[in-house]
Amino acid sequence: MRLEILHVPDCPNTAVLEERLAAILPDYPAVQVSRHVVTTEAEAQLTGMTGSPTILANGIDPFARHGQRPSLSCRIYQDERGNLGAAPTIEQLTRILAGDPA
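Trainee: What exactly am I supposed to notice about unusual backbone geometry here?
Mentor: Most peptide bonds take the trans configuration, and most residues that are not glycine carry a negative phi. A cis amide bond links Ser52 to the next residue, Pro53, at an omega of -5°. Look at Asp10: it is not a glycine, yet its phi comes out positive at around 60°. Tracing the chain through its elements places Asp10 in the loop between strand E1 (2-7) and helix H1 (12-24). Exposure remark for Asp10: the relative accessible area of 77% places this residue in the exposed category. Notably, Asn58 is not glycine yet its phi reads approximately 50°, a positive angle. Residue placement: Asn58 occurs in the loop between strand E4 (54-57) and strand E5 (71-74). According to the relative accessible area criterion, Asn58 is partly exposed, its value standing at 40%.

Printed below as a string of structure tokens:
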């Protein structure tokens, strides 16, 4: 699986995502992670970044919600209990890496 992290420069939410991924990636050695810093609205449109950070798993945003538009804004994620946070939970990320839908 290819994971691509799209984010704006110095996004604090990206650090949260990176910390959570670091906790689980050792269990998924075949996962390839790349990072792409997005600095313009045109880049956000081209890459499909709907807020920072956006995660693409094999080119697809598993956390996409209908009506989200490409943006340089901060992105908020909803967990299993409806709580909002800076990044997907470890449980949500684990399901994505295991090939299950978000």
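That was the structure; now back to the text.
Trainee: In this structure, what is going on with the side chain of Asp79? I would like to understand it.
Mentor: Tracing the sequence through the fold places Asp79 in the loop between strand E6 (77-78) and strand E7 (84-85). Of the polar contacts made by the side chain of Asp79, one reaches the backbone nitrogen of Arg81; its length is 2.8 Å. Sequence-distant contacts of Asp79, defined by excluding residues within four places in its chain, comprise Thr89 and Gln92.

Trainee: Is there a simple way to explain the nonpolar core in this structure?
Mentor: Grouped together as the largest cluster of nonpolar side chains are 15 residues, with contacts concentrated most on Leu3, Leu17, Leu21, Ile55, Leu93 and Leu97. Taken together, the elements giving at least two residues each to this core come down to E1, H1, E4 and helix H3 (90-97). In terms of nonpolar packing, the next biggest core, distinct from the first, is built from 7 residues, Leu6, Cys11, Met49 and Leu56 among them.

Trainee: Before we go on, may I ask you to explain the pairing of E4 in this structure?
Mentor: On a regular strand, one side chain projects to one face of the sheet and the next to the other, so that they alternate. Because side chains alternate across E4, one face comprises the buried residues Thr54 and Leu56, and the other comprises Ile55 and Ala57, equally buried. Relative to E4, E1 runs antiparallel, the two being bridged by 4 bridges. Paired with Leu6 across the strands is Thr54, a residue of E4.

Trainee: Would you mind showing me how to read the pairing of strand E2 (residues 32-37) here?
Mentor: As defined by bridge partners, E1 adjoins E2 across 6 bridges and the pair is classed as parallel. Looking across to E2, one finds that Leu3 is bridged to Val33. Considered for its hand, the β-α-β crossover made up of E1, H1 and E2 is right-handed.

Trainee: Can you help me understand H1 in this one?
Mentor: Since one α-helical turn is 3.6 residues long, residues separated by three or four positions face the same way. Among all positions in H1, only Asn13, Thr14, Leu17, Leu21 and Ile24 are buried. Mapping the buried residues of H1 onto a view down its axis gives an arc of 100°, with all of them on the same face. Among the exposed residues of H1, those oriented more than 90 degrees off its buried face are Pro12, Glu19 and Ala22. Of the surrounding secondary structure, the elements contacted by the buried residues of H1 are E1, strand E3 (50-52), E4, E5 and H3.

How each quantity is defined
Per chain, residues are indexed from 1 in the order of the written sequence. Given that this is a predicted model, residues contribute local features only at a pLDDT of at least 70 and side-chain atom pairs are listed and counted only at 80 or more, while totals for whole chains, interfaces and linings are drawn from all residues. Side-chain numbers here rest on the full set of heavy atoms in the structure, without hydrogens or water. By definition, any uninterrupted DSSP run of H or I lasting at least four residues is a helix, any uninterrupted run of E lasting at least two residues is a strand, and each is numbered from the N terminus. Accessible area is worked out with a 1.4 Å probe on protein chains only. A residue is then buried under 20% of its type maximum, exposed over 50%, and partly exposed in between. Polar contact is the term for a pair of N or O atoms within 3.5 Å; when the atoms are in protein, one must be able to donate a hydrogen and the other to accept it, and sequence-neighboring residues count only if both atoms are side-chain atoms. Any two residues whose heavy atoms approach within 4.5 Å at even a single point are treated as in contact. Nonpolar cores are built from buried Ala, Val, Leu, Ile, Met, Phe, Trp, Tyr and Cys residues. Side-chain atoms within 4.5 Å join them into one set. The criterion for strand pairing is that DSSP finds at least two bridges linking the strands in question. With its strands directed away from the observer, a crossover is right-handed exactly when the path from the first strand over the helix to the second travels clockwise. Taken from the helix axis, the directions to the C-beta atoms give the arc we talk about.

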